[in-house]
Amino acid sequence: MAQLLVVEDDERIRSALIRALRERGHAVSSAATALDGLRQAVDERPDLVVLDLGLPDLDGRELLRMLRAVSAVPVIVATARDDDESVVQALDAGADDYVVKPFPAGQLEARIRAVLRRAAGVADAALAPVTVGDLVVDPRSRRVTLAGRAVELSPKEFDLLAHLAARVGTVVSKRELLTEVWQLPYGGSDKTVDVHLSWLRRKLGESAAEPRLLETVRGVGVRLAEPEP
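Predicted model only: the values in this text are computed from it and were never measured.

Asks: How would you summarise the overall build of the chain if you had to cite specific residues and measurements?
Replies: Within the chain one finds 8 helices and 11 strands. The principal-axis extents of the C-alpha atoms in the chain amount to approximately 60 × 30 × 30 Å. Counting the 229 residues in the chain, one finds 42% classified as buried. Residue pairs at least 24 apart in sequence account for 52% of intrachain contacts in the chain once pairs closer than 6 positions are excluded. Taken as a whole, the chain presents about 11,900 Å² of accessible surface, with 51% of it coming from carbon and sulfur. Positive and negative charge centroids in the chain, built from 31 and 36 side chains respectively, lie 4 Å apart.

Asks: Got a sec to walk through the packing of helix 6 (residues 155-165) against helix 8 (residues 190-203)? Specific residues and values, please.
Replies: If you want to describe how two helices pack, look at the angle between their axes and the distance between the axes. Between helix 6 and helix 8, the shortest axis-to-axis distance is 10 Å and the interhelical angle comes to 85 degrees. Classed by the angle they form, the pair helix 6 and helix 8 counts as roughly perpendicular. Between helix 6 and helix 8, the contacting residues are Lys-156, Glu-157, Leu-160, Leu-161 and Leu-164 on the first element and His-196, Leu-197, Trp-199, Leu-200 and Lys-203 on the second.

Asks: Give me the lowdown on the pairing of strand 7 (residues 135-138), citing residues and values where you can.
Replies: Put simply, side chains in a regular strand alternate between the two faces of the sheet. Relative to strand 7, strand 6 (residues 130-132) runs antiparallel, the two sharing 3 bridges. From the neighbouring strand, Thr-131 faces strand 7, where its bridge partner is Val-136. Between the antiparallel neighbours strand 6 and strand 7 lie 2 residues, among them Gly-133 with a positive phi of about 65 degrees. Sheet topology note: the strand 7/strand 8 (residues 143-146) ladder contains 4 bridges and is antiparallel. Pairing of Val-137 across the sheet is with Val-144, part of strand 8. Connecting strand 7 to the next strand, strand 8, in antiparallel fashion are 4 residues, including Arg-142 with a positive phi near 55 degrees.

Asks: I'd love a proper account of the sheet that holds strand 4 (residues 75-79), names of residues and values included.
Replies: Taken in spatial order, the 5 strands line up as 2-1-3-4-5 in an open sheet, and their pairing is parallel. Of all the strands in the sheet, just strand 2 (27-31) and strand 5 (97-100) have a single pairing partner and so form its edges. On average, each strand axis in the sheet is inclined to that of its neighbour by 20 degrees, with strand direction left out of account. Looking at chain direction, strand 1 (residues 3-7) and strand 2 are connected through 5 bridges and run parallel. Of the residues in strand 2, the one forming a bridge with Leu-4 is Val-28.

Asks: Lay out the pairing of strand 8 in plain terms, naming residues and giving numbers.
Replies: Pairing geometry for strand 8 and strand 9 (residues 149-150), over 2 bridges, is antiparallel. Looking across to strand 9, one finds that Thr-145 is bridged to Ala-150. With antiparallel pairing between neighbouring strands as the criterion, strand 8 and strand 9 make up a hairpin whose turn holds 2 residues, including Ala-147 at a positive phi of roughly 55 degrees.

Asks: If you had to explain the packing of helix 3 (residues 60-68) against helix 4 (residues 84-93) to someone new, which residues and values would you point to?
Replies: Contact pair helix 3 / helix 4: the axes reach a minimum separation of 8 Å and the direction vectors enclose 15 degrees. It follows that helix 3 is roughly parallel to helix 4 by the angle criterion. Handedness of the crossing formed by helix 3 with helix 4: right-handed. In this structure, helix 3 uses Arg-61, Leu-64, Arg-65 and Arg-68 to contact helix 4, whose residues at the interface are Gln-89, Ala-90 and Ala-93. Residues of the contact of helix 3 with helix 4, tallied by class, amount to 3 nonpolar, 1 polar and 3 charged.

Asks: A description of the pattern of salt bridges should follow, citing residues and the corresponding values.
Replies: Inspection of the entire model under this criterion finds 17 salt bridges. Shared partners join several salt bridges into a network, and the residues in it are Glu-8, Asp-52 and Lys-101.

Asks: Give me the lowdown on helix 6, citing residues and values where you can.
Replies: Among the 11 residues that make up helix 6, 8 are buried, leaving the element largely enclosed by the rest of the structure. Among all positions in helix 6, only Glu-157, Phe-158, Leu-160, Leu-161, Ala-162, His-163, Leu-164 and Ala-165 are buried.

Asks: Kindly report on the sheet that holds strand 9, identifying the contributing residues and their values.
Replies: The 4 strands lie next to each other as 6-7-8-9, forming an open sheet whose pairing is antiparallel. With partners counted over all chains shown, the strands left at the sheet margins are strand 6 and strand 9, one partner each. Contacts between helix 6 and the sheet are confined to strand 6, strand 7 and strand 8, with strand 7 contributing the most and set at about 105 degrees to the helix.

Cut-offs used in this document
Residues numbered from 1 in each chain as written. Predicted model: local features only at pLDDT ≥ 70, side-chain atom pairs only at ≥ 80, totals over all residues. Heavy atoms only, no water. Helix = DSSP H or I, 4+ residues; strand = E, 2+ residues; numbered from the N terminus. Buried < 20%, exposed > 50% of the residue type's maximum accessible area, 1.4 Å probe, protein only. Contact = heavy atoms within 4.5 Å. Areas by Shrake-Rupley, 256 points an atom, 1.4 Å probe, with all protein chains shown as cover. Lys, Arg positive; Asp, Glu negative; His and termini not counted. Charge placed at Lys NZ, Arg CZ, Asp CG, Glu CD. Axes fitted to C-alpha atoms, helices over the stretch in contact; angles between N-to-C directions. Parallel < 35°, antiparallel > 145°, perpendicular 65-115°, else oblique. Pairing = 2+ DSSP bridges. Left-handed = near helix turned anticlockwise from the far one by under 90°. Nonpolar A, V, L, I, M, F, W, Y, C, P; charged D, E, K, R; others polar. Salt bridge = Lys/Arg side-chain N within 4 Å of Asp/Glu carboxyl O.

Below, the structure written as structure tokens:
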């Protein structure tokens, strides 16, 4: 069973989708506007979103872009728009699949299963240990070792390091860290990130003045970098 969010303004279609998906064993919540859908997607963290494009407050493609800024939740667009341009724009905005109304409930269910299988494969890959020099970060066991010795981190320190390790060599903005690590898409203080980075550096045996692994790029963000030999 998956937790699904249906974002659809037409009450008749929304009710039919909810009923069909619940009959197939899913837990389903719903929203009739883009902004309510965004709020629920962030607060409830569903396994997948079924999204209509013709919403009353924002175009669904705009919602997709906003959603992709704060979440990697899989999204299936379910809309009456069947022209190639709409399909391409929705996929470019971050949709994982696209189905044109009217469609059989079984077809949507098959697409949901396929998208969730792909998402699960990506999640498994994301749980593979990451080695950077003599640092090893294991997301599955939530263990970190440095030169073979265990490094004791708080849960949030581990989440911060794991997020950077998944993007090794890439500069990650503090805004992304606040959104993805602290789940604060609507705002937060950069000081929160700075303090945790300071604690993390100390436990990794380095400092901001003499970084070995955690490099700050002023005005941009921070990255986990391969140490020089």
